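# Structural overview
Here are the chains, one letter per residue:
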Amino acid sequence: MSALTLASAAEDATALEAAEAQLARTAGELAGRVALLTTAAGRDPGAAERLRTGLVAFCDRELLPHATAQEAVLYPVARTMPDARLLMVSLAAEHRCIAELVDALRTAGDPADAVAHARALQVVFEEHTAKENGLVLPLLALAPGISLATLLTELHGRLAPDRPAGPDRPADGERGGTRNDVGVNDRPTRTDRTDRAAPTGKTGGCGGACGCGAADGEAVPELDVRGVPHALRHATVFGALDAVPPGRSMVLTAPHDPLPLLAQIEDRSPGVFSVEYLERGPGAWRLRIGHR
């Protein structure tokens, strides 16, 4: 537990940190999916459409039910606090904005429109998450007579029928592997992976045009996490990987050799992904990560 976490009870401090981490992971996963959709939109309309459909399913499964549960459980309690009443009205309005953007993404007529709606959704959700983590949850954790831990238990109970808690939660119904809710901090551990650098002068099945390793002519979506905050970086990659359909792959660009990340990928989905190094620094590490 962080020494800076303030709460009226120890269990509320623990619940606060867990809730903040979960919201940050969701924001990172959304960012990863939006990044893949953005790179695919200008290269392969078919891939972009699949990614758009998966992104909508992610929102229906993660974002919208959580917003509904927050308004049913957390917001009524927070509204009883004079300093938080107007904030709750504003956050509820942001929930409506998020739902409208998801609907716009759902009915987008072409990849460019889908990208525009997806990027707007990402911006609104990240700002919303910052307010939840920075204002709402700490206020509830510090308030005497309010148990944040109890409120969050009730919130998770409301989500349980539609979004099972626990490590096994397949993404978009696309794969049968397990999905573990791991943290976003580096956690070195053993991983079994294909560790093959691209041969000199030959960069993959695309014939060397892009260095992506594409084998079947479909553009491989790319995710560059060098500009992503470190606290969100792993979650962003997990979200992107969840958007990659079986039999496909993506190219990851990282600022360093992502060995701890590869270990976490293997932990959460044992034996599902293979890894091929396309570039090994010094300014960037590029890896093709695909389903075995």
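Scroll up to find the structure.
Below you will find a few notes about this structure. None of the values given here were measured: they were computed from a predicted structure.

The subject of this paragraph is the pattern of salt bridges. Within this structure, the stated rule accounts for 10 salt bridges. Two residues, Arg106 and Asp103, come together in a salt bridge whose shortest N-O distance is 3.4 Å. Of the two residues, Arg106 and Asp103 are both situated in helix H3 (residues 85-106); the distance of 3 residues between them amounts to about one turn of the helix. Residue Asp103 is classed as partly exposed on the basis of its relative accessible area, which comes to 42%. Note that Arg226 and Asp224 form a salt bridge whose closest N and O atoms lie 2.6 Å from each other. Looking at Asp224, the relative accessible area reads 39%, which means it is partly exposed.

Along the chain, the position of Arg61 falls in helix H2 (residues 45-79). On the accessibility criterion, Arg61 (14% relative accessible area) is buried.

The next point concerns helix H4 (residues 111-142). The first and last C-alpha atoms of H4 sit 45 Å apart over 32 residues, in line with the 46 Å expected at 1.5 Å per residue. Of all the bends found along H4, the most pronounced is centred on Glu132 and spans about 35 degrees. In this structure Asp110 caps H4, since a side-chain oxygen of it lies 3.0 Å from the backbone nitrogen of Ala112.

Remark: helix H6 (residues 230-243) packs on helix H7 (residues 259-268), axes separated minimally by 11 Å, with the N-to-C direction vectors making an angle of 45 degrees. Between H6 and H7, the crossing angle belongs to the class labelled oblique. For H6 against H7, the interelement crossing comes out right-handed. Residues His234, Val237, Phe238, Leu241 and Asp242 of H6 form the contact with H7, whose participating residues are Pro260, Leu261, Gln264, Ile265 and Arg268. Partitioning the contact of H6 with H7 into residue classes produces 6 nonpolar, 2 polar and 2 charged.

What counts and what doesn't
- Residues numbered from 1 in each chain as written.
- Predicted model: local features only at pLDDT ≥ 70, side-chain atom pairs only at ≥ 80, totals over all residues.
- Heavy atoms only, no water.
- Salt bridge = Lys/Arg side-chain N within 4 Å of Asp/Glu carboxyl O.
- Helix = DSSP H or I, 4+ residues; strand = E, 2+ residues; numbered from the N terminus.
- Buried < 20%, exposed > 50% of the residue type's maximum accessible area, 1.4 Å probe, protein only.
- Expected span 1.5 Å × (residues − 1).
- Bend = angle between axes of the 7 residues up to and from the residue.
- Polar contact = N/O pair within 3.5 Å; in protein donor to acceptor, adjacent residues only side chain to side chain.
- Axes fitted to C-alpha atoms, helices over the stretch in contact; angles between N-to-C directions.
- Parallel < 35°, antiparallel > 145°, perpendicular 65-115°, else oblique.
- Left-handed = near helix turned anticlockwise from the far one by under 90°.
- Contact = heavy atoms within 4.5 Å.
- Nonpolar A, V, L, I, M, F, W, Y, C, P; charged D, E, K, R; others polar.

Remember that the coordinates give geometry; whether it matters functionally is a separate question.
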